[in-house]
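Per-entry structural report
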Amino acid sequence: MTDTPVMQAKALERHYDVSGGFLKKSRVLKAVGGLDFQVVPGKTLAVVGESGCGKSTLARMVAMIEEPTKGTLTLDGKDVLPENWADQRKDVQIVFQDPYGSLNPRQRIGTILMEPLVINTTMPKAEREAKARDMLKLVGLRPEHFDRYPHMFSGGQRQRIAVARALMLDPKVLVLDEPVSALDLSIQSAILNLLLGLQDRLQLAYLFISHDLGVVRHVADELIVMYLGRAVEKGPKDALFAAPKHPYTVALLSATPQADPTKDKKRIKLEGELPSPLSVPDGCPFAPRCWKAQPKCRAERPELGTGAHTAACFFPENEG
Amino acid sequence: MALLRIRNLTVEFATASGRFRAVDSVDQDVDTGEILAIVGESGSGKSVSMLAVMGLLPWTAKVTADEITFDGHDLLRIDNRARRRIIGKDLAMIFQEPMSSLNPCFTVGWQIKEALRFHLGMDRRARHARAVELFEQVGIPDPEKRLSAFPHQLSGGMNQRVMIAMAIACKPKLLIADEPTTALDVTIQAQILDLLAFLRDESGMGLVLITHDMGVVAETAERVSVQYAGQKVEEQSVVDLFSTPHHPYTAALLDALPERATERLLPTIPGVVPGQFDRPAGCLFSPRCKFADARCKSTPPPVLGPDLGYARCFYPLNTDERIAS
């Protein structure tokens, strides 16, 4: 196994212009502000955070649906730029959250699976069909499903189809945007197993986006915790779960309900809600809700340092 | 005497393709001051059974039961006028999606005051004072201002708090919370769950928590009822359910939790929940159960005794430890 990253991002940013209303100046919403990460073949980089933290925007940039406003993204050493997108897209594929909305109800499963090949390659029809049938087998569906329509499948099976479609072009990076959060518990584990099995077999690099820390803990190798468009903590899974450094990560972990009634629950209750991403505080974005915030936190923005496990915080927990 | 007592509740929906049984002979008791969780996957009938208690099902639904009594009222034979005096006052419900359950045409203050006017007959000034008090209780900052906000001006967490404030406005004896935190982020979820537990401690109301999240169950509930495909398959206290599940479905569901995983590959439950046309003749879980034999597939299993968690199973699990302990 190589540890050379297949995809690297440096200071990735994405801004949106939001109109302020009639005769008002439009404002800039920083959905993602300054993110560095790398994705390694055979490994899973998980991005966690609450709604509005910019994790889906990140997924869309990586999947080349949206162009970064600033920063660089490289794939196999080549810059990801809109003029190269057409060639590069086949290396990065995405699986969306809702398997009910992401499959065309008028297309048969075979057509859905073959469409990426029709668009991106010049493969003859017979080969396309053979490949699609192989792929059905790979994701655990039966050959007779080839001619069926999406409505004939359950949520879990649909998610398998979505995974199969993403794999048709033999991508190197698979972006998984909340792939199991719409599924029931008994189905969820089967899809996670499928994803882990495929990763082992095909040496795929996963960018796994989720808000469910239980799932992330199971699948991730590396973890980025995001808050208001910024990475507040980054590190290997085991280190991060064992000794979270950023107060937000600590709060997030303590707020996640654990399926063990005998454990005594000590929840850190966060006051208030996520501020609007339009008015991110000047200092540390988490300072208004943080129980450790000092005047320094409100004035200066802490930077995420370099190193294996770092947090963007002046007064980190579990230090040393 | 239990606060809410349900015996043999069955709900059938008339659909274009025949009748569909969403709830199948469910028995349930809820006592004053306890937190009961009803867990199950989607389609397990957990919401429908409680909507039947509230009388909120559409006309296509046929509700039959031996008994549904709440606080001395027979909810099966009650007329609509009398029911409306109970619903929203003594028996209240929090719905799953606050965004679509609140009326977008009225301010949240108007909506909360409506219940106070209808049920308690308060005058305008008393209503306003009580609404402010309720908003403070559920942790909505700046209540005076928020009372005149419309639902679309508030975030999901705030709207859910408004829903909770409406539900507890008349100090209900029983509060049914249908997936109260599913649409919310975990830090907000923690706030809402703490709030519900606090309200229970303070007012001594009964709380029914409908959820599919085992973590929420473990942290909040005292007693747990597990539903599968419309049937109640098991009921135990929360600690016993997580340590010694008796029904194979409960055991499989707990094993499938990623956080309980010991290996890279998770244990799975093969197959899917039976639908309208593939309902098995015997045990409903038998097609997916690794312990099932010919008897399970042909004969519906009996409901076992309280020492076996009322499990609907011929071959309950964890029986030896029970006898030993």
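What you see is a predicted model; the values in this text were computed from it and never measured.

1. Here's the deal with the sheet that holds strand 7 (residues 91-94) of chain B
Residue and element names in this part refer to chain B.
- Spatial ordering of the open sheet is given by 7-8-9-3-10-11, a layout of 6 strands whose pairing is mixed. Edge positions in the open sheet fall to strand 7 and strand 11 (231-237), since each of these has one partner strand only. Between one strand axis and the next, the sheet turns by 20 degrees as a mean value, whatever way the strands run.
- Contacts from helix 11 (residues 248-255) reach strand 10 (223-228) and strand 11, with the element oriented near 100 degrees to strand 10.

2. Points about the interface of chain A and chain B
- Contacts between the two partners involve 35 residues from chain A, matched on the other side by 40 residues from chain B.
- Interface of chain A and chain B: buried area, both sides summed, is about 3,300 Å²; carbon and sulfur atoms make up 55% of it.
- The three residues of chain A that bury the most area against chain B are A:Leu185, A:Ala259 and A:Arg267, which together make up 19% of that side's buried surface.
- A salt bridge links A:Asp200 to B:Arg264; the shortest N-O distance between them is 3.0 Å.
- Between the two partners, chain A and chain B, sit 13 residue pairs in polar contact (both at pLDDT 80 or more).
- Of all the elements in the fold, those that place two or more residues in the side of chain A that touches chain B are helix 6 (185-202), helix 7 (213-219) and helix 9 (247-255) of chain A.
- The biggest single contributor to the side of chain A that touches chain B is helix 6 of chain A, with 11 residues.
- For the side of chain A that touches chain B, the residue count by class is 12 nonpolar, 13 polar and 10 charged.

3. Some details on the UniProt feature "domain: ABC transporter" (unreviewed entry) in chain A
- UniProt tags residues 13-253 of chain A as "domain: ABC transporter" (unreviewed entry).
- Summarising residues 13-253 of chain A: 37% helix, 25% strand, and an end-to-end C-alpha distance of 26 Å.

4. Here we look at the side chain of B:Gln28
Residues and elements named next belong to chain B.
- Locating glutamine 28 in the fold gives a position in strand 2 (residues 18-30).
- There is a polar contact of 3.1 Å between the side chain of glutamine 28 and the side chain of glutamate 235.
- Apart from residues lying up to four places away in sequence, glutamine 28 is in contact with Leu4, Arg5, Ile6, Arg7, Leu36, Arg223, Ser225, Lys232 and Glu235.

5. Here we look at the sheet that holds strand 2 (residues 27-39) of chain A
All names here are of chain A.
- Taken in spatial order, the 4 strands make up an open sheet running 2-1-4-5, and their pairing is antiparallel. Each edge of the open sheet is held by one strand with a lone partner, namely strand 2 and strand 5 (78-79).
- Pairing analysis gives 2 bridges linking strand 4 (residues 70-75) to strand 5, with the strands arranged antiparallel. Following the sheet pairing, threonine 74 is matched in strand 5 by aspartate 79.

6. Concerning the packing of helix 4 (residues 108-120) of chain B against helix 5 (residues 124-137) of chain B
Residues and elements named next belong to chain B.
- Two elements in contact, helix 4 and helix 5, have axes whose closest approach is 10 Å; the angle formed by their N-to-C orientations is 115 degrees. In this structure, the crossing between helix 4 and helix 5 has a hand that is right-handed. Facing Val108, Ile112, Lys113, Leu116 and Arg117 of helix 4, the residues of helix 5 in contact are Arg127, His128, Arg130, Ala131, Leu134 and Phe135.
- Of the residues belonging to the contact of helix 4 with helix 5, the class tally is 6 nonpolar, 1 polar and 4 charged.

Quick notes on the rules
Residues numbered from 1 in each chain as written. Chains lettered and ligands numbered in written order. Predicted model: local features only at pLDDT ≥ 70, side-chain atom pairs only at ≥ 80, totals over all residues. Heavy atoms only, no water. Pairing = 2+ DSSP bridges. Helix = DSSP H or I, 4+ residues; strand = E, 2+ residues; numbered from the N terminus. Axes fitted to C-alpha atoms, helices over the stretch in contact; angles between N-to-C directions. Contact = heavy atoms within 4.5 Å. Buried area = accessible area lost by both parts, 1.4 Å probe. Salt bridge = Lys/Arg side-chain N within 4 Å of Asp/Glu carboxyl O. Polar contact = N/O pair within 3.5 Å; in protein donor to acceptor, adjacent residues only side chain to side chain. Nonpolar A, V, L, I, M, F, W, Y, C, P; charged D, E, K, R; others polar. UniProt positions renumbered as here; feature names shortened; annotations may be inferred. Left-handed = near helix turned anticlockwise from the far one by under 90°.

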